[in-house]
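Summary of structural features
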Amino acid sequence: MKKTIYYAYTDFLDDMKVLSARIEAGFGVPQAIVCIARGGMCMSHFLALKWNLRAESIYTINATSYADREAKHSLTLGQIPHIEQNRVLIVDEIVDSGRSLSAVMHSLGKAYPHDKFGKEFASAVIFQKSGASVVADFYVRENKEWIDFFWEVDMLDS
């Protein structure tokens, strides 16, 4: 069985402050956020509050590659949102294999080529796994263990 670590709200809050500062320094304040559901949803909420982005600037896309703790053989990617803003941040909680983030970044780049739409995309995650097929533009931590995020486990009945 994989070693598991618990990721608490207090760690998340501290990491969101670090991550938002890194994003501002390296990309600027985004005009929109695309969160990869479900892992990126808490992040998008906190970052949207930090940067005063309203609901019309927050988008969601589904990229499913796990069933419980097991990686699925295929990746299911949801519909690409209609994005009006130009500086767009894609967020997810973790880059594990890299398949989800890579597929989302590729699909958004294909749907909105920079030379046609003038859009800039950057990616941000809390955890980056070494050896993944893609590295997020911004991240706070590296990991090797399975992570139980507070938003995944704290609401479950004991």
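Further up the page is the structure itself.
This structure is a prediction, so every number in the text was calculated from the model and none was measured.

Some points on the environment of K144
Locating K144 in the fold gives a position in the loop between β7 (141-143) and β8 (146-149). Residue class for K144 comes out exposed when judged on its relative accessible area of 68%.

Brief notes about the packing of aromatic side chains
For the coordinates displayed, the defined rule picks out 12 aromatic pairs. On the numbers, 4.9 Å between centres and 80° between planes, the contact of F12 with F46 is edge-to-face. Of this pair, F12 sits in helix α1 (residues 9-26) while F46 sits in helix α2 (residues 41-51); the two residues are 34 residues apart in sequence, bridging distant segments of the chain. By relative accessible area, F12 is classed as buried at 0%. Taken together, a centroid distance of 5.3 Å and an interplanar angle of 80° make the contact between Y112 and F117 edge-to-face. Using a relative accessible area of 8% as the deciding quantity, one classes Y112 as buried. A cation over a ring is seen here: K119 above Y112, with NZ or CZ 5.2 Å from the ring centre.

A look at α1
Taking 1.5 Å of rise per residue, the 18 residues of α1 would be expected to cover 26 Å, and the 25 Å separating its terminal C-alpha atoms lies within 8% of that figure. Those residues of α1 lying buried are F12, D15, M16, L19, S20 and I23. The arc enclosing the buried residues of α1, seen along the axis, measures out at 140°, which places them on a common side. Residues of α1 that are exposed and angled more than 90 degrees away from the buried face: T10, K17 and A25.

Rules used throughout
- Residues numbered from 1 in each chain as written.
- Predicted model: local features only at pLDDT ≥ 70, side-chain atom pairs only at ≥ 80, totals over all residues.
- Heavy atoms only, no water.
- Helix = DSSP H or I, 4+ residues; strand = E, 2+ residues; numbered from the N terminus.
- Buried < 20%, exposed > 50% of the residue type's maximum accessible area, 1.4 Å probe, protein only.
- Phe/Tyr/Trp six-rings, centres within 6.5 Å; stacked < 30°, edge-to-face > 60°.
- Lys NZ or Arg CZ within 6 Å of the ring centre and 35° of its normal.
- Expected span 1.5 Å × (residues − 1).
- Arc of directions from axis to C-beta.

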